[in-house]
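# Fold and contact review
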Amino acid sequence: MNAALLALVGNTPLTRITAPLPLPHAGFWAKLEGLQAGGMKARAAVSMLRAARARGELRPGDTVVESTSGTLGIGLAFAGQALGHPVVLVVDAELEPEMRAMLTAYGARLEVVTRPHAVGGWQQARLDRLGNLLRDIPGAFWPDQYGNPDNPAGYAGLARELVAALDGLDVLVCSVGTGGHSSGVVHELRCHWPDLRLIGVDTVNSAIFGRRPGTRLMRGLGSGIHPRNVAYRQFDEVHWIGPAEAADTCRRLAAHAFVTGGWSTGAVARVAAWVARTEAGARVAAVFPDGPHRYAHSIYDDAYCRHHGLFGSTAQHPVEIASPRAAASATWARCGAVTDPLDPAPAVHHGAPA
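In the annotation of an unreviewed UniProt entry, the entry for the chain reads PLP-dependent cysteine synthase family protein, and the organism field reads Streptodolium elevatio. Entered under Cofactor (unreviewed entry) in the UniProt record, the comment concerning the chain runs "pyridoxal 5'-phosphate".

## A look at the pairing of strand β9 (residues 284-288)
Buried residues dominate β9, accounting for five of its five residues. Side chains V284, A286 and F288 of β9 all project onto a buried face; the interleaved residues A285 and V287 project onto the opposite face, where all are buried too. Pairing analysis gives three bridges linking strand β6 (residues 171-175) to β9, with the strands arranged parallel. Across the sheet, V173 pairs through a bridge with A286, a residue of β9.

## Some details on helix α10 (residues 263-278)
For α10, spanning 16 residues, the distance from its first C-alpha to its last is 23 Å, which sits close to the expected 22 Å at 1.5 Å a residue. Within α10, 14 of the 16 residues are buried, which leaves it mostly tucked inside the rest of the structure.

## Some points on the state of the cysteines
For the coordinates displayed, the defined rule picks out zero disulfides. Distance from the sulfur of C191, which forms no disulfide, to the nearest cysteine sulfur (C174) is 15 Å. A relative accessible area of 57% means that C191 is categorised as exposed. No disulfide involves C250; its sulfur sits 9.6 Å from the nearest other cysteine sulfur, which is in C305. When its relative accessible area of 0% is taken as the criterion, C250 is described as buried.

## Overview of the sheet that holds strand β5 (residues 109-113)
Read from one edge of the open sheet, three strands run β3-β4-β5, paired in parallel fashion. Pairing within the sheet leaves two strands with one partner each, and these edge strands are β3 (64-67) and β5. With direction set aside, neighbouring strand axes in the sheet form an average angle of 20°.

## Notes on the UniProt feature "domain: Tryptophan synthase beta chain-like PALP" (unreviewed entry) in the chain
The UniProt entry lists residues 8-290 under the feature "domain: Tryptophan synthase beta chain-like PALP" (unreviewed entry), expressed in the numbering used here. Here residues 8-290 runs as 39% helix and 16% strand, with 16 Å between its end C-alpha atoms.

## A word on the pattern of salt bridges
Scanning all chains against the criterion turns up 22 salt bridges. For R59, the salt bridge is made with D62, and the minimal N-O distance between the two is 3.1 Å. Two residues, R197 and E279, come together in a salt bridge whose shortest N-O distance is 2.8 Å. Of this pair, R197 sits in strand β7 (residues 197-203) while E279 sits in the loop between α10 and β9, and the two are 82 residues apart along the sequence.

## Focus on the packing of helix α2 (residues 42-55) against helix α3 (residues 71-83)
One can describe the packing of α2 onto α3 by two numbers: an axis separation of 8 Å at closest approach and a directional angle of 45°. On the basis of the axis angle, α2 is oblique to α3. Regarding α2 and α3, the two cross each other, and that crossing is right-handed. Packed against α2, whose contacting residues are A42, A45, V46, M48, L49, R50 and R53, the element α3 presents L72, G75, L76, F78, A79, G80 and L83 at the interface. Within the contact of α2 with α3, the residues separate by chemical class into ten nonpolar, two polar and two charged.

## What about the side chain of D290?
Structurally, D290 is set in the loop between β9 and α11 (302-307). The buried charged residue D290 lacks any salt bridge, with R294 as its nearest oppositely charged partner at 5.8 Å. Engagement of the side chain of D290 in a polar contact is seen with the side chain of T265, the distance being 2.7 Å. In terms of polar contacts, D290 uses its side chain to reach the side chain of Y295, at 2.9 Å. Every residue in contact with D290, bar those within four places of it in the chain, is listed here: G34, T260, G261, G262, W263, S264, T265 and Y295.

What counts and what doesn't
Positions within a chain are numbered from 1, following the residues in the order the chain's sequence is written. Per-residue local features are limited, in this predicted model, to residues with pLDDT of at least 70; the limit for side-chain atom pairs, both in listing and counting, is 80 or more; totals at the level of whole chains, interfaces and linings are taken over all residues. Hydrogens are left out, water is left out, and the side-chain values use all remaining heavy atoms of the structure. UniProt positions are given in the numbering used here, feature names are shortened, and annotations may be inferred rather than shown by experiment. Each residue is assigned to one of three classes by its accessible area relative to the maximum for its type, calculated with a 1.4 Å probe on protein chains only: buried under 20%, partly exposed between the two thresholds, exposed over 50%. Helix numbers and strand numbers start at the N terminus; a helix is a DSSP run of H or I with at least 4 residues, a strand a run of E with at least 2. Two strands are said to pair when DSSP picks up at least two bridges between them. Here a helix's expected span is defined as the number of its residues, less one, multiplied by 1.5 Å. Our working definition of a disulfide is a cysteine sulfur pair at a distance within 2.5 Å. Convention adopted: a line fitted to C-alpha atoms gives each axis, helices being fitted over their contacting stretch, and angles between N-to-C directions are expressed from 0 to 180 degrees. Any Lys or Arg side-chain nitrogen located within 4 Å of an Asp or Glu carboxyl oxygen qualifies as a salt bridge. Angles are sorted into four bins: roughly parallel if under 35 degrees, roughly antiparallel if over 145, roughly perpendicular if 65 to 115, and oblique for all others. Should the near helix be turned anticlockwise from the far one by less than a right angle, the crossing is left-handed, and should it be turned clockwise, the crossing is right-handed. Residues count as neighbours in contact if any of their non-hydrogen atoms are within 4.5 Å of one another. Three classes are used, and their members are as follows: Ala, Val, Leu, Ile, Met, Phe, Trp, Tyr, Cys and Pro are nonpolar, Asp, Glu, Lys and Arg are charged, and the others, Gly among them, are polar. Note on charges: Lys and Arg go in the positive column, Asp and Glu in the negative column, and His and the chain ends are not counted at all. Definition of a polar contact: a pair of N or O atoms within 3.5 Å, with one able to donate and the other able to accept a hydrogen when the atoms are protein atoms, and with sequence-neighbouring residues admitted only if both atoms are side-chain atoms.

Structural data, given as structure tokens:
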């Protein structure tokens, strides 16, 4: 066990964002998780592996196998080095070359899926390959980031850092992929601030909150499946952000705040700025999950943005929809009725109106 590496987890910076995104606003706090060694998901990776070791499910030297679109892969590579476990990561053909290179440099072995699943897309295709690896590798351990409660438990420290730094908080804005950090952070924060509102940020064409899944340009948030770690009852509202809005926000952050990131960061910043603009006096914080470096050839590349139609006018406010199952929109939408799409008789959680 490498105690020096483990000591690098946590205590990420908190900064005030006042850059126009795209319009002026009162400002919000941003927790810069992308600046952490191993990235934001190092918190979850260390939590999941330590808990499995304590239960005897992960023995010394056992191989860790997981599916990832990139961010958790970095976290698991970090945790594998720190705790002494080989790591095999199932990725897909759309993973950026820069991310592949770094994961390999960190010591992870990559298994690349070349075709998406007909229904579940890349995510389901990766999970299918993962199942084969678990059968083939003796003693392989699957953390199961989508349903492992030790994933959200790893973010309690992030919440405690926010409590120590802020006098109070009215609104927390989190991107949603596996559901881990939104669930773990809000559970701890509401022990201190019970009236805190949680706003989830998803991507268009994601199935997480009950919309019809489709091809997604954005990576790091959204899903073609329904991760069990998504705490549906904890959300007051959900926003779906389009790639043009996320990319525009990332570029504005870079130009006016220097602190920026990828799709998830752009999406949560867009929503947090809107809340700070429309809710007078609200104390707002957002979690910035990543940094900009893996997006040099996408978000920050003019040719890429032109090819994908990301330049031009973008939505300055969300379209209101009554239900996640309302007609799909390719741009920013918002819903104050959050339900578990897999619950046959869900209790609807209506968020406070903005």
